[in-house]
Amino acid sequence: MKDMPQMKTQAKNILIRDIRPDERDAVLGLRQDTLYSEDYLPAVLDTWLADPDVRIRVAVDEAGEVVGVHAFRKLEDGQCWLSGLRVRVDARRQGVATLILEDAIELARSEGIRTLRYATATDNEAVHQLSRTQRLRSRGAWLSFERRVEPSDCQQDGPGAIRPEGINVLGAADAPRILSLLKTGARTLYVESYAWRSLDERSFARLASEGRAFGCAGETGGWGIALLGRTGDDELEATLHGTDMLCAQSLIGFLRRTACETNPRQLLTLHVPQENPAASILGSLVRQGELRHVAGRPHRVWELAL
Ligand SMILES: CC(C)(COP(=O)(O)OP(=O)(O)OC[C@H]1O[C@@H](n2cnc3c(N)ncnc32)[C@H](O)[C@@H]1OP(=O)(O)O)[C@@H](O)C(=O)NCCC(=O)NCCS
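Thresholds, definitions, all that
- Per chain, residue numbering runs from 1 following the sequence as it is written.
- Side-chain atom pairs in this predicted model are given and counted only at pLDDT of 80 or more, local residue features only at pLDDT of at least 70, and totals for whole chains, interfaces and linings cover all residues.
- The basis for every side-chain value is the complete set of non-hydrogen atoms in the structure, without hydrogens or water.
- For this analysis, a nonpolar core means a set of buried residues of the types Ala, Val, Leu, Ile, Met, Phe, Trp, Tyr and Cys, connected via side-chain atoms within 4.5 Å.
- Per-residue accessibility, obtained with a 1.4 Å probe over protein chains only, is compared with the maximum for each type, and a residue is labelled buried under 20%, exposed over 50%, and partly exposed between these values.
- Starting at the N terminus, helices and strands are each numbered in turn, a helix being any DSSP run of H or I of at least four residues and a strand any DSSP run of E of at least two.
- By the convention used here, residues are in contact when the closest approach between their heavy atoms is within 4.5 Å.
- Note on aromatic contacts: the rings of Phe and Tyr and the six-membered ring of Trp form a pair at centre separations within 6.5 Å, being stacked when their planes are under 30 degrees apart, edge-to-face when over 60 apart, and tilted otherwise.
- The criterion is that NZ of a Lys, or CZ of an Arg, lies within 6 Å of the ring centre and within 35 degrees of the ring normal, and then a charge sits over that ring.
- Salt bridges are defined as contacts in which a side-chain nitrogen from Lys or Arg sits within 4 Å of a carboxyl oxygen from Asp or Glu.
- The nearness test applies per residue and asks whether one of its heavy atoms lies within 4 Å of the molecule or strand.
- Identification of polar contacts relies on pairs of N or O atoms within 3.5 Å, with a donor-acceptor requirement for protein atoms, meaning one able to donate a hydrogen and the other able to accept it, and with residues adjacent in sequence counted only if both atoms are side-chain atoms.
- To be clear on the numbers: accessible area is Shrake-Rupley with a 1.4 Å probe, and residue cover counts the displayed protein chains and nothing else.
- Ten residues, namely Ala, Val, Leu, Ile, Met, Phe, Trp, Tyr, Cys and Pro, are considered nonpolar, four, namely Asp, Glu, Lys and Arg, are considered charged, and the remaining ones, Gly among them, are considered polar.

**Student:** Is there a simple way to think about the nonpolar core in this case?
**Tutor:** As a rule of thumb, soluble globular proteins bury nonpolar side chains together. Core analysis: the largest hydrophobic core is formed by 28 residues, its most contacted members being Leu240, Ile252, Leu255, Leu268, Val272 and Leu282. Elements with a minimum of two residues in this core: strand S6 (137–148), strand S10 (213–217), strand S11 (223–231), strand S12 (235–242), helix H7 (245–262), strand S13 (267–273) and helix H8 (277–287). Broken down by element, the residue count for this core peaks at 8 residues, all from H7. Apart from the residues lying within four places of it in its own chain, the contact partners of Leu255 are Ala226, Leu228, Leu236, Ala238, Leu240, Leu268 and Leu270. Membership of the second largest hydrophobic core comes to 16 residues, among which are Leu101, Leu107, Leu116 and Tyr118.

Shown next, in the form of C-alpha coordinates:
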(Lines give C-alpha, C1' and ligand atoms only; values in the text may rest on other atoms or scores of the structure.)
Protein backbone atom coordinates (compact mmCIF):
# COMPACT_ATOMS: atom_id res chain seq x y z
CA MET A 1 0.00 0.00 0.00
CA LYS A 2 2.76 2.46 0.86
CA ASP A 3 3.96 2.59 -2.79
CA MET A 4 0.57 3.63 -4.09
CA PRO A 5 0.38 7.22 -5.41
CA GLN A 6 -1.52 9.60 -3.21
CA MET A 7 -5.13 9.63 -4.38
CA LYS A 8 -6.99 12.84 -4.79
CA THR A 9 -10.28 13.03 -2.97
CA GLN A 10 -12.70 15.70 -4.15
CA ALA A 11 -13.01 18.55 -1.66
CA LYS A 12 -16.31 18.21 0.11
CA ASN A 13 -18.48 20.91 1.60
CA ILE A 14 -16.04 23.65 0.81
CA LEU A 15 -17.57 27.07 0.46
CA ILE A 16 -15.83 29.81 -1.50
CA ARG A 17 -16.85 33.30 -0.42
CA ASP A 18 -15.50 36.79 0.29
CA ILE A 19 -13.21 37.11 3.30
CA ARG A 20 -14.69 38.39 6.57
CA PRO A 21 -12.81 41.01 8.62
CA ASP A 22 -12.03 38.51 11.41
CA GLU A 23 -10.39 36.06 8.98
CA ARG A 24 -7.26 38.11 8.25
CA ASP A 25 -5.05 36.15 10.68
CA ALA A 26 -6.38 32.80 9.49
CA VAL A 27 -5.41 33.82 5.94
CA LEU A 28 -1.91 34.80 7.06
CA GLY A 29 -1.66 31.43 8.82
CA LEU A 30 -2.04 29.64 5.45
CA ARG A 31 1.17 30.98 4.10
CA GLN A 32 3.62 28.41 5.40
CA ASP A 33 5.43 26.24 2.89
CA THR A 34 5.08 28.39 -0.20
CA LEU A 35 7.50 28.04 -3.06
CA TYR A 36 8.93 31.45 -2.33
CA SER A 37 11.42 31.92 0.45
CA GLU A 38 9.92 35.34 0.97
CA ASP A 39 6.14 35.14 0.70
CA TYR A 40 4.68 38.44 -0.49
CA LEU A 41 1.23 37.80 1.04
CA PRO A 42 1.85 39.42 4.49
CA ALA A 43 3.21 42.55 2.79
CA VAL A 44 0.20 43.00 0.49
CA LEU A 45 -2.79 41.61 2.38
CA ASP A 46 -3.80 44.85 4.10
CA THR A 47 -3.46 46.82 0.86
CA TRP A 48 -5.66 44.26 -0.87
CA LEU A 49 -8.24 44.42 1.92
CA ALA A 50 -8.47 48.18 1.47
CA ASP A 51 -8.61 48.09 -2.34
CA PRO A 52 -12.14 48.24 -3.79
CA ASP A 53 -10.91 46.53 -6.99
CA VAL A 54 -9.65 43.49 -5.08
CA ARG A 55 -11.89 40.73 -3.78
CA ILE A 56 -10.24 38.33 -1.41
CA ARG A 57 -11.98 34.99 -1.68
CA VAL A 58 -11.55 32.31 0.96
CA ALA A 59 -12.26 28.59 0.93
CA VAL A 60 -13.98 27.57 4.16
CA ASP A 61 -14.49 23.97 5.31
CA GLU A 62 -17.44 22.41 7.16
CA ALA A 63 -16.06 23.56 10.51
CA GLY A 64 -15.93 27.14 9.25
CA GLU A 65 -12.12 27.13 9.08
CA VAL A 66 -10.30 28.96 6.32
CA VAL A 67 -8.39 26.40 4.24
CA GLY A 68 -7.62 28.45 1.14
CA VAL A 69 -7.38 31.97 -0.22
CA HIS A 70 -6.67 34.01 -3.31
CA ALA A 71 -7.18 37.56 -4.51
CA PHE A 72 -9.26 38.50 -7.53
CA ARG A 73 -8.30 41.88 -8.93
CA LYS A 74 -10.42 43.61 -11.54
CA LEU A 75 -8.35 45.45 -14.12
CA GLU A 76 -9.21 47.85 -16.93
CA ASP A 77 -10.60 46.74 -20.31
CA GLY A 78 -12.40 43.59 -19.14
CA GLN A 79 -9.38 41.88 -17.59
CA CYS A 80 -8.74 40.38 -14.18
CA TRP A 81 -5.66 39.17 -12.34
CA LEU A 82 -5.54 36.40 -9.75
CA SER A 83 -2.83 36.17 -7.12
CA GLY A 84 -2.01 34.97 -3.63
CA LEU A 85 -3.39 31.44 -4.11
CA ARG A 86 -2.69 29.41 -0.98
CA VAL A 87 -4.17 26.21 0.42
CA ARG A 88 -3.54 25.06 3.98
CA VAL A 89 -0.96 22.26 4.01
CA ASP A 90 -3.32 19.62 5.44
CA ALA A 91 -6.06 20.49 2.94
CA ARG A 92 -3.95 20.15 -0.19
CA ARG A 93 -4.51 17.69 -3.05
CA GLN A 94 -8.21 17.49 -2.27
CA GLY A 95 -9.39 19.87 -4.95
CA VAL A 96 -9.54 23.10 -2.90
CA ALA A 97 -7.45 25.14 -5.37
CA THR A 98 -9.56 23.72 -8.20
CA LEU A 99 -12.71 25.02 -6.48
CA ILE A 100 -11.07 28.40 -5.89
CA LEU A 101 -10.16 28.74 -9.57
CA GLU A 102 -13.61 27.59 -10.71
CA ASP A 103 -15.15 30.19 -8.44
CA ALA A 104 -12.85 32.88 -9.89
CA ILE A 105 -13.86 31.93 -13.43
CA GLU A 106 -17.54 32.16 -12.48
CA LEU A 107 -16.97 35.48 -10.75
CA ALA A 108 -15.15 36.81 -13.81
CA ARG A 109 -17.99 35.71 -16.10
CA SER A 110 -20.59 37.30 -13.85
CA GLU A 111 -18.65 40.59 -13.93
CA GLY A 112 -18.41 40.60 -17.73
CA ILE A 113 -14.67 40.02 -17.67
CA ARG A 114 -13.20 38.67 -20.89
CA THR A 115 -9.64 37.74 -19.89
CA LEU A 116 -8.41 36.16 -16.69
CA ARG A 117 -4.71 35.73 -15.94
CA TYR A 118 -2.27 34.71 -13.24
CA ALA A 119 1.39 33.73 -12.96
CA THR A 120 3.09 30.91 -11.18
CA ALA A 121 6.64 29.66 -10.80
CA THR A 122 7.64 27.44 -13.72
CA ASP A 123 8.24 24.58 -11.29
CA ASN A 124 4.84 24.84 -9.56
CA GLU A 125 3.46 21.63 -11.05
CA ALA A 126 0.19 21.80 -9.09
CA VAL A 127 -0.76 25.16 -10.60
CA HIS A 128 0.31 24.09 -14.10
CA GLN A 129 -1.84 20.98 -13.79
CA LEU A 130 -4.73 23.07 -12.52
CA SER A 131 -4.31 25.48 -15.44
CA ARG A 132 -4.28 22.71 -18.03
CA THR A 133 -7.39 21.10 -16.51
CA GLN A 134 -9.25 24.42 -16.63
CA ARG A 135 -8.04 24.96 -20.23
CA LEU A 136 -5.98 28.08 -19.69
CA ARG A 137 -3.27 28.83 -22.24
CA SER A 138 0.33 29.67 -21.46
CA ARG A 139 1.52 33.18 -22.29
CA GLY A 140 5.13 32.19 -21.84
CA ALA A 141 7.76 32.16 -19.14
CA TRP A 142 8.76 35.52 -17.72
CA LEU A 143 11.50 36.83 -15.46
CA SER A 144 11.30 39.73 -13.04
CA PHE A 145 14.29 41.63 -11.69
CA GLU A 146 14.68 44.52 -9.32
CA ARG A 147 17.33 47.01 -8.31
CA ARG A 148 17.36 49.75 -5.73
CA VAL A 149 19.03 52.37 -7.92
CA GLU A 150 22.01 54.36 -6.73
CA PRO A 151 23.42 57.78 -7.66
CA SER A 152 25.90 55.99 -9.99
CA ASP A 153 22.92 54.94 -12.16
CA CYS A 154 22.53 58.60 -13.08
CA GLN A 155 25.99 58.85 -14.61
CA GLN A 156 26.25 59.02 -18.38
CA ASP A 157 29.29 56.78 -18.57
CA GLY A 158 29.20 54.83 -15.32
CA PRO A 159 28.44 51.10 -15.21
CA GLY A 160 24.74 51.93 -14.82
CA ALA A 161 24.62 53.78 -18.10
CA ILE A 162 25.20 50.99 -20.57
CA ARG A 163 24.56 52.67 -23.94
CA PRO A 164 21.51 54.63 -22.83
CA GLU A 165 21.42 56.38 -26.21
CA GLY A 166 19.16 55.84 -29.22
CA ILE A 167 15.92 55.70 -27.26
CA ASN A 168 12.81 57.30 -28.74
CA VAL A 169 9.56 58.16 -27.04
CA LEU A 170 6.85 56.21 -28.88
CA GLY A 171 3.55 57.80 -29.84
CA ALA A 172 0.10 56.36 -30.51
CA ALA A 173 0.87 56.46 -34.25
CA ASP A 174 3.56 53.82 -33.65
CA ALA A 175 0.94 51.31 -32.43
CA PRO A 176 0.35 49.33 -35.68
CA ARG A 177 4.10 48.89 -36.30
CA ILE A 178 4.91 47.96 -32.70
CA LEU A 179 1.98 45.57 -32.38
CA SER A 180 2.88 43.80 -35.61
CA LEU A 181 6.43 43.31 -34.29
CA LEU A 182 5.11 42.01 -30.97
CA LYS A 183 2.61 39.61 -32.52
CA THR A 184 5.46 37.86 -34.31
CA GLY A 185 6.84 36.99 -30.90
CA ALA A 186 3.36 36.30 -29.46
CA ARG A 187 4.12 38.38 -26.41
CA THR A 188 1.39 41.00 -26.47
CA LEU A 189 1.47 41.57 -22.73
CA TYR A 190 2.90 44.18 -20.42
CA VAL A 191 3.04 44.39 -16.65
CA GLU A 192 1.70 47.02 -14.30
CA SER A 193 1.77 46.51 -10.53
CA TYR A 194 2.82 42.89 -11.07
CA ALA A 195 -0.32 42.15 -13.11
CA TRP A 196 0.13 41.06 -16.72
CA ARG A 197 -2.22 42.96 -19.06
CA SER A 198 -3.07 42.89 -22.76
CA LEU A 199 -0.85 44.98 -24.96
CA ASP A 200 -3.24 45.91 -27.73
CA GLU A 201 -3.98 49.02 -29.72
CA ARG A 202 -6.01 50.51 -26.89
CA SER A 203 -3.52 49.94 -24.07
CA PHE A 204 -0.57 50.91 -26.26
CA ALA A 205 -2.30 54.18 -27.19
CA ARG A 206 -2.87 54.87 -23.49
CA LEU A 207 0.75 54.13 -22.58
CA ALA A 208 2.02 56.23 -25.49
CA SER A 209 -0.24 59.17 -24.64
CA GLU A 210 1.08 59.09 -21.06
CA GLY A 211 4.71 59.04 -22.26
CA ARG A 212 5.20 55.51 -20.95
CA ALA A 213 6.36 53.79 -24.17
CA PHE A 214 9.96 53.91 -25.40
CA GLY A 215 11.59 52.28 -28.38
CA CYS A 216 14.93 51.64 -29.99
CA ALA A 217 15.77 50.53 -33.54
CA GLY A 218 18.86 48.35 -33.96
CA GLU A 219 21.48 48.66 -36.71
CA THR A 220 20.50 45.33 -38.24
CA GLY A 221 16.73 45.64 -38.22
CA GLY A 222 16.27 44.44 -34.65
CA TRP A 223 14.30 46.46 -32.13
CA GLY A 224 13.47 46.90 -28.48
CA ILE A 225 10.72 48.60 -26.51
CA ALA A 226 10.15 49.43 -22.86
CA LEU A 227 6.68 50.04 -21.45
CA LEU A 228 6.36 51.65 -18.06
CA GLY A 229 4.01 50.01 -15.58
CA ARG A 230 3.76 51.32 -12.05
CA THR A 231 5.50 54.66 -11.71
CA GLY A 232 5.81 56.72 -8.59
CA ASP A 233 8.34 58.39 -6.37
CA ASP A 234 9.54 55.09 -4.98
CA GLU A 235 9.13 52.70 -7.85
CA LEU A 236 9.59 52.44 -11.58
CA GLU A 237 8.33 49.27 -13.24
CA ALA A 238 8.88 48.40 -16.88
CA THR A 239 8.33 45.56 -19.34
CA LEU A 240 10.96 44.91 -22.01
CA HIS A 241 10.29 43.37 -25.39
CA GLY A 242 12.50 43.09 -28.42
CA THR A 243 14.99 41.22 -30.52
CA ASP A 244 18.12 43.35 -30.45
CA MET A 245 20.79 42.93 -27.79
CA LEU A 246 22.21 46.47 -28.09
CA CYS A 247 18.72 47.96 -27.96
CA ALA A 248 18.06 45.92 -24.83
CA GLN A 249 21.26 47.28 -23.29
CA SER A 250 20.27 50.82 -24.24
CA LEU A 251 16.82 50.44 -22.74
CA ILE A 252 18.14 48.98 -19.49
CA GLY A 253 20.64 51.83 -19.18
CA PHE A 254 17.94 54.35 -20.01
CA LEU A 255 15.59 52.92 -17.36
CA ARG A 256 18.31 52.90 -14.71
CA ARG A 257 19.05 56.51 -15.42
CA THR A 258 15.39 57.50 -15.53
CA ALA A 259 14.78 55.78 -12.19
CA CYS A 260 17.81 57.44 -10.64
CA GLU A 261 16.89 60.88 -11.94
CA THR A 262 13.40 60.54 -10.42
CA ASN A 263 14.71 59.41 -7.06
CA PRO A 264 18.26 58.16 -6.43
CA ARG A 265 16.86 55.44 -4.11
CA GLN A 266 14.06 54.30 -6.39
CA LEU A 267 13.18 50.63 -6.84
CA LEU A 268 13.48 49.67 -10.49
CA THR A 269 11.54 46.53 -11.45
CA LEU A 270 11.98 44.97 -14.88
CA HIS A 271 9.83 42.21 -16.42
CA VAL A 272 10.96 40.35 -19.50
CA PRO A 273 9.94 37.25 -21.47
CA GLN A 274 12.53 34.56 -20.85
CA GLU A 275 13.68 34.35 -24.49
CA ASN A 276 14.15 38.11 -24.86
CA PRO A 277 17.82 39.17 -25.35
CA ALA A 278 17.32 41.51 -22.38
CA ALA A 279 16.92 38.43 -20.15
CA SER A 280 20.54 37.37 -20.59
CA ILE A 281 21.80 40.91 -19.97
CA LEU A 282 19.71 41.10 -16.82
CA GLY A 283 20.94 37.63 -15.80
CA SER A 284 24.54 38.80 -16.07
CA LEU A 285 23.73 41.90 -14.02
CA VAL A 286 22.38 39.52 -11.34
CA ARG A 287 25.70 37.66 -11.38
CA GLN A 288 27.51 40.97 -10.95
CA GLY A 289 25.31 41.78 -7.95
CA GLU A 290 23.65 44.72 -9.71
CA LEU A 291 20.14 43.27 -9.74
CA ARG A 292 18.03 40.80 -7.78
CA HIS A 293 16.11 38.07 -9.55
CA VAL A 294 12.66 38.36 -7.92
CA ALA A 295 11.51 34.93 -6.66
CA GLY A 296 14.76 33.47 -8.02
CA ARG A 297 13.02 31.60 -10.84
CA PRO A 298 10.94 32.24 -13.96
CA HIS A 299 7.17 32.35 -13.75
CA ARG A 300 4.67 31.18 -16.32
CA VAL A 301 1.74 33.42 -17.16
CA TRP A 302 -1.55 31.61 -17.72
CA GLU A 303 -4.56 33.11 -19.46
CA LEU A 304 -8.20 32.21 -19.96
CA ALA A 305 -10.37 33.92 -22.56
CA LEU A 306 -13.96 33.94 -21.34
C1 LIG B 1 -0.54 25.11 -5.34
C2 LIG B 1 -1.69 24.84 -4.35
C3 LIG B 1 -2.50 26.10 -4.21
C4 LIG B 1 -2.55 23.70 -4.89
O5 LIG B 1 -3.67 23.54 -4.03
P6 LIG B 1 -4.49 22.16 -3.91
O7 LIG B 1 -5.77 22.44 -3.24
O8 LIG B 1 -3.61 21.14 -3.34
O9 LIG B 1 -4.76 21.82 -5.45
P10 LIG B 1 -5.83 20.78 -6.01
O11 LIG B 1 -6.06 19.70 -5.02
O12 LIG B 1 -7.05 21.51 -6.49
O13 LIG B 1 -5.06 20.17 -7.24
C14 LIG B 1 -4.98 20.80 -8.50
C15 LIG B 1 -4.27 19.87 -9.47
O16 LIG B 1 -2.86 19.85 -9.16
C17 LIG B 1 -2.44 18.53 -8.83
N18 LIG B 1 -1.50 18.66 -7.74
C19 LIG B 1 -1.76 19.13 -6.51
N20 LIG B 1 -0.63 19.17 -5.78
C21 LIG B 1 0.34 18.71 -6.60
C22 LIG B 1 1.75 18.52 -6.43
N23 LIG B 1 2.35 18.82 -5.28
N24 LIG B 1 2.45 18.05 -7.49
C25 LIG B 1 1.86 17.78 -8.66
N26 LIG B 1 0.52 17.95 -8.90
C27 LIG B 1 -0.21 18.40 -7.86
C28 LIG B 1 -3.70 17.81 -8.43
O29 LIG B 1 -3.58 16.40 -8.64
C30 LIG B 1 -4.73 18.42 -9.34
O31 LIG B 1 -4.66 17.87 -10.65
P32 LIG B 1 -5.90 16.97 -11.22
O33 LIG B 1 -7.11 17.86 -11.16
O34 LIG B 1 -5.45 16.66 -12.60
O35 LIG B 1 -5.96 15.81 -10.30
C36 LIG B 1 -1.13 24.40 -2.96
O37 LIG B 1 -0.25 23.33 -3.16
C38 LIG B 1 -0.39 25.51 -2.23
O39 LIG B 1 -0.99 26.28 -1.47
N40 LIG B 1 0.93 25.59 -2.44
C41 LIG B 1 1.76 26.63 -1.80
C42 LIG B 1 1.48 28.03 -2.36
C43 LIG B 1 1.55 28.10 -3.84
O44 LIG B 1 2.41 27.50 -4.50
N45 LIG B 1 0.59 28.86 -4.41
C46 LIG B 1 0.47 29.10 -5.83
C47 LIG B 1 1.13 30.37 -6.19
S48 LIG B 1 0.72 30.75 -7.88
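Let us keep going from here.
**Student:** Help me out: how do you make sense of the packing of aromatic side chains in this one?
**Tutor:** Aromatic ring pairs: the centre-centre distance and the angle between the two ring planes describe each pair. According to the stated counting rule, one finds 4 aromatic pairs in the structure shown. On the basis of an interplanar angle of 25 degrees and a centroid distance of 5.5 Å, the ring pair of Trp81 and Trp196 is categorised as stacked. Here Trp81 is found in strand S4 (residues 79–87), whereas its partner Trp196 is found in strand S9 (residues 195–198), with 115 residues between them in sequence. The class for Trp81 is buried, based on a relative accessible area of 4%. Overall, the relative accessible area of 2% leaves Trp196 in the buried class. Centroid distance Phe214 to Phe254: 4.9 Å. Interplanar angle 55 degrees. Geometry classified as tilted. Linking Phe214 in strand S10 with Phe254 in helix H7, this pair joins segments that are 40 residues apart in sequence. Each member of the pair, Phe214 together with Phe254, is buried. Among the aromatic residues, those joined into a cluster by ring pairs are Trp81, Trp142 and Trp196. Here the basic side chain of Arg86 rests over the ring of Tyr40, its NZ or CZ set 5.3 Å away from the ring centre.

**Student:** Could you clarify how one ought to interpret the pattern of salt bridges in this entry?
**Tutor:** Where charged atoms from two side chains of opposite charge come close, those side chains can pair. Scanning the entire structure with this criterion turns up 30 salt bridges. The closest approach of N and O atoms between Glu76 and Arg197, which form a salt bridge, is 2.7 Å. Placement of Glu76 in the loop between strand S3 (66–75) and S4 and of Arg197 in strand S9 is noted, with a sequence separation of 121 residues between them. Since its relative accessible area comes to 25%, Glu76 is described here as partly exposed. In this structure Arg197 comes out as buried when scored by relative accessible area, which is 5%. Across the pair Glu290 and Arg256 runs a salt bridge, and its minimum N-O distance is 2.7 Å.

**Student:** Before we go on, may I ask you to explain the site of the ligand in this structure?
**Tutor:** In the vicinity of the ligand lie 21 residues, with Leu85, Val87, Arg93, Gly95 and Thr98 positioned nearest. The contact in question runs from an oxygen atom of the ligand to an N or O atom on the backbone of Val87, over 2.8 Å. Here Arg92 contributes a side-chain N or O atom positioned 3.4 Å from an oxygen atom of the ligand. Within the complex, the protein chains bury 80% of what would otherwise be the 920 Å² of accessible surface of the ligand. Where the shell around the ligand is concerned, the elements lending two or more residues are S4, helix H3 (96–110), strand S5 (115–121) and helix H4 (125–133). In terms of residue count, H4 provides more of the shell around the ligand than any other element does, 6 residues in total. Of the residues that constitute the shell around the ligand, the class distribution is 8 nonpolar, 7 polar and 6 charged.

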